[in-house]
Structure formats: structure tokens, C-alpha cells
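Structure assessment
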Amino acid sequence: MVFMPSGAKMLGLQVAKVVQSKDENYKVGEYVSGPLGWATHSVLNPSTFKDTMHDAKLERVRYTDVPLSYSLTALGLIGATAYFGLLDVCKPKEGETLVVNAAAGGVGTIVGQIAKLKGLRVIGFAGSNDKVKWLTEELQFDFAYNYKTCNVVDALKESAPNGVDCYFDNVGGAFSSLVLTQMNTFGRIAVVGAISSYDSDLMNQPLVPAVQTSFIAKQLKMEGLIVSRYESRFPEAYEQIYGWIKEGKLKCYEHVYEGFENLPKALLDVQKGGNTGKAVLKVK
């Protein structure tokens, strides 16, 4: 969790056009992506600029034959998180069963699609009936549930009668404790988010059921992921995801808001789960 001082620029990733340059490596008219925050214009030294929250730096936009915003989503840190969290941490095998929560969000939609490409049975959980319908009809998830209205254990007994092999966790909390009870021996868990506790005080985190029994009995493996550790392999992920996009095998879903002045409204909407796919804002 990052606490920003009053008056500081809001954090955020951005695609920007170079309008002036004193750096021979960056030409006027080129597009760059990076942690430029909530700003209409930025002045920076690209060789030293870095954001500690995302552990990200300025990069030249690689792919210009797809929407530029993809550099913030499927062809950026979002896509890399899904790619490495699923394939390197969960290490799925064809025919296995995957559960992903926040499944209609930016990371979750890509995780589910990659899992289907790899021959997995995919079960998603989201926060509304409309999102559940969208996951099964548009993304072809095998099963999807509204976590607000379903019994998680009963849902998994229905959709994964032979148990869960891989769990891609964006949420944490009591929900995850329930999923662990339905996992198979030697199941793998990638922890990439903790949405359930983001608005909790550090000294007042939500209490959840103990997970040690599930870990011991099922010999589970859980690993946290900060995607910057794969920085040297980002090109691998981007090239593969780009190939899937061009072949029509993977779609990049974005919930687009418009107008710089609407950033606060968009942020509040995202906090309430109003987005399907990765939320992005088009400045102009």
C-alpha cells in the first residue's frame, strides 16, 4: 500500500506523445508509455525517470498498428502480470482447472483468455450478474459466478467437481480462504492483488479463516508476484500477446472514459466495480 502526501500528483500509467525533445533517442511525434500520473503534459529526463509504485519507467510504444492504449493494458504491465502470473507462477497443465477472481477486470480477462488458449477449464468470479453473463458468453469461460450472491464453495463443487489446480488471486480475504478448501493436492496459487483489503487501515486488516490446514493437507504452493521482477522478459510476453491479438485469439477489453476532468469520476466508478475490462481514460 502506498500513501501519497497531500498535494502530490496522482499515480497512473499513461501513453503520451512527444511534442518537444532534447533527447536524440526520442523524436517529436513518437509515442511513449510510462508512469506519468494524472497530467495533461509532463517534462522529464527519460534516462532517469522512474515510478517506485509501479517500478516502471518510460518506454517507447512498441506496437502502433493496434490502439495505443493497449500499451497500458494487454501489451503493458497488465498483460505481463497475467502472462507471468499464470504461466510462470501457476504453471498450468492442459486439462487442469483454474479459478480467477476479479475475472472481468483488466488482468482477469487476459488470464482467463490465456488459460483457455492453454486448454484449461476456467472458472471466473465477478461482482455482477451482467459481468458473469459477459464472461461466459463473450470470453467463453466454462463457468462464472457473482461472488456477491453465490455460495463460493457450492459454486466450486458444481464447476470443479474434481477440484481446483490453479488459483489466480486478485482479491484475497475470506473469498480466497474458501477457494483453498477446494484445491487439489499440489495446487498452485498466484497472488497478484488484495482488493478486499485495499481500503483497510494497515493496523486493522480484515480477519479471515486460517489457511494453514488447507496448505498442509493439500501441500499447496502460494507465491506473490510483483511483475517488475520479469522486466527482462517483458518482450517475450508482449510478443506472444501481440501475436494472439493479431491472430484473433485474444481480445483486449477496455472500459474507456473520456475527458481529463472526468478522472475523479472514473476512479470512483472503478472503486465501485463499474468497469468491465481495464479502465482507461482518453484525455482528448
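The rules we used
Residues numbered from 1 in each chain as written. Predicted model: local features only at pLDDT ≥ 70, side-chain atom pairs only at ≥ 80, totals over all residues. Heavy atoms only, no water. UniProt positions renumbered as here; feature names shortened; annotations may be inferred. Helix = DSSP H or I, 4+ residues; strand = E, 2+ residues; numbered from the N terminus. Rg over C-alpha atoms; globule rule 2.2 N^0.38 Å. Buried < 20%, exposed > 50% of the residue type's maximum accessible area, 1.4 Å probe, protein only. Contact = heavy atoms within 4.5 Å. Areas by Shrake-Rupley, 256 points an atom, 1.4 Å probe, with all protein chains shown as cover. Lys, Arg positive; Asp, Glu negative; His and termini not counted. Charge placed at Lys NZ, Arg CZ, Asp CG, Glu CD. Expected span 1.5 Å × (residues − 1). Core = buried A, V, L, I, M, F, W, Y, C linked by side-chain atoms within 4.5 Å. Domains from an automatic or database assignment. Pairing = 2+ DSSP bridges. Right-handed = clockwise from strand over helix to strand, strands pointing away. Buried area = accessible area lost by both parts, 1.4 Å probe. Disulfide = S-S within 2.5 Å.

The name an unreviewed UniProt entry gives the protein is 15-oxoprostaglandin 13-reductase, with Thrips palmi as the organism. Database annotation for the protein, UniProt heading Sequence similarities (unreviewed entry): "Belongs to the NADP-dependent oxidoreductase L4BD family."

1. A word on the overall build of the protein
A count of helical and extended segments in the protein gives eight helices and 13 strands. At 19 Å, the protein has a C-alpha radius of gyration in line with the 19 Å of a compact globule built from 284 residues. On the principal axes, the C-alpha backbone points of the protein span a range of 60 × 45 × 35 Å. Relative to its 284 residues, the protein shows a buried fraction of 45%. Counting only contacts in the protein whose residues sit at least 6 apart along the sequence, the fraction spanning at least 24 positions is 62%. If you sum the accessible surface of the protein, you get close to 15200 Å²; carbon and sulfur atoms cover 52% of it. Each charge sign in the protein was given a centre, from 30 positive and 29 negative side chains, and these centres are 1 Å apart.

2. Describing helix α7 (residues 234-246)
For an α-helix, the turn length of 3.6 residues means that residues three or four places apart are oriented alike. For α7, spanning 13 residues, the distance from its first C-alpha to its last is 18 Å, which sits close to the expected 18 Å at 1.5 Å a residue. Restricting attention to buried positions, one finds in α7 the residues F234, A237, Y238, I241, Y242, G243, W244 and I245. In the stretch just after α7, G248 is the one whose phi turns positive, near 80 degrees.

3. What about the nonpolar core?
The biggest cluster of nonpolar side chains holds 49 residues, and the ones touching the most others in it are L98 and L135. Those elements that place two or more of their residues in this core are α1 (77-90), β6 (97-101), α2 (106-117), β7 (121-126), α3 (129-137), β9 (164-169) and α7. Sorting elements by how many residues they give to this core places α1 first, with 10 residues. Split by domain, the residues of this core number at least three in each of domain 1 (14-73 + 252-282) and domain 2 (77-227). Sequence-distant contacts of L135, that is, excluding residues within four places in its chain, are made with A103, A104, A126, Q140, F141 and A144. Counting residues in each nonpolar core, the second largest holds 17 residues, with L156, F175, M183 and L220 among its members.

4. Quick word on unusual backbone geometry
Despite not being glycine, F186 shows a phi value in the positive range, around 65 degrees. Its identity as a non-glycine residue notwithstanding, Q219 has a phi of 50 degrees, on the positive side. Within the secondary structure, Q219 sits in the loop between α6 (212-218) and β11 (221-224). We classify Q219 as partly exposed; its relative accessible area is 46%.

5. Section: the pairing of β6
Extensive coverage of β6 is indicated by the burial of five of its five residues. Neither face of β6 is exposed, since T97, V99 and N101 on one face and L98 and V100 on the opposite face are all buried. In the sheet, β6 pairs with β7 via five bridges, with the strands oriented parallel. Counterpart to V100 in the pairing with β7 is G124. Handedness of the β6-α2-β7 crossover: right-handed.

6. Digging into the domain arrangement of the protein
Its domain assignment divides the protein into domain 1 (14-73 + 252-282) and domain 2 (77-227). Relative placement of domain 1 and domain 2: their C-alpha centres are 28 Å apart. At the junction of the two partners, domain 1 supplies 10 residues and domain 2 supplies 12 residues. Between domain 1 and domain 2, the buried area comes to about 910 Å², and carbon and sulfur atoms account for 59% of it.

7. A short note on the state of the cysteines
Working definition of a disulfide: a covalent bond connecting the sulfur atoms of two cysteines. All chains considered together, the criterion is met by zero disulfides. With no disulfide partner, C90 has as its closest neighbouring cysteine sulfur the one in C166, 4.9 Å distant. You can call C166 buried: its relative accessible area is 0%.

8. Structural notes on the sheet that holds strand β1 (residues 14-17)
Pairing is antiparallel across the open sheet formed by three strands, whose spatial order is β1-β2-β5. Each edge of the open sheet carries a strand with a single partner, namely β1 and β5 (59-60). In the sheet, β1 pairs with strand β2 (residues 31-34) via four bridges, with the strands oriented antiparallel. Directly across from Q14, in β2, lies its bridge partner G34.

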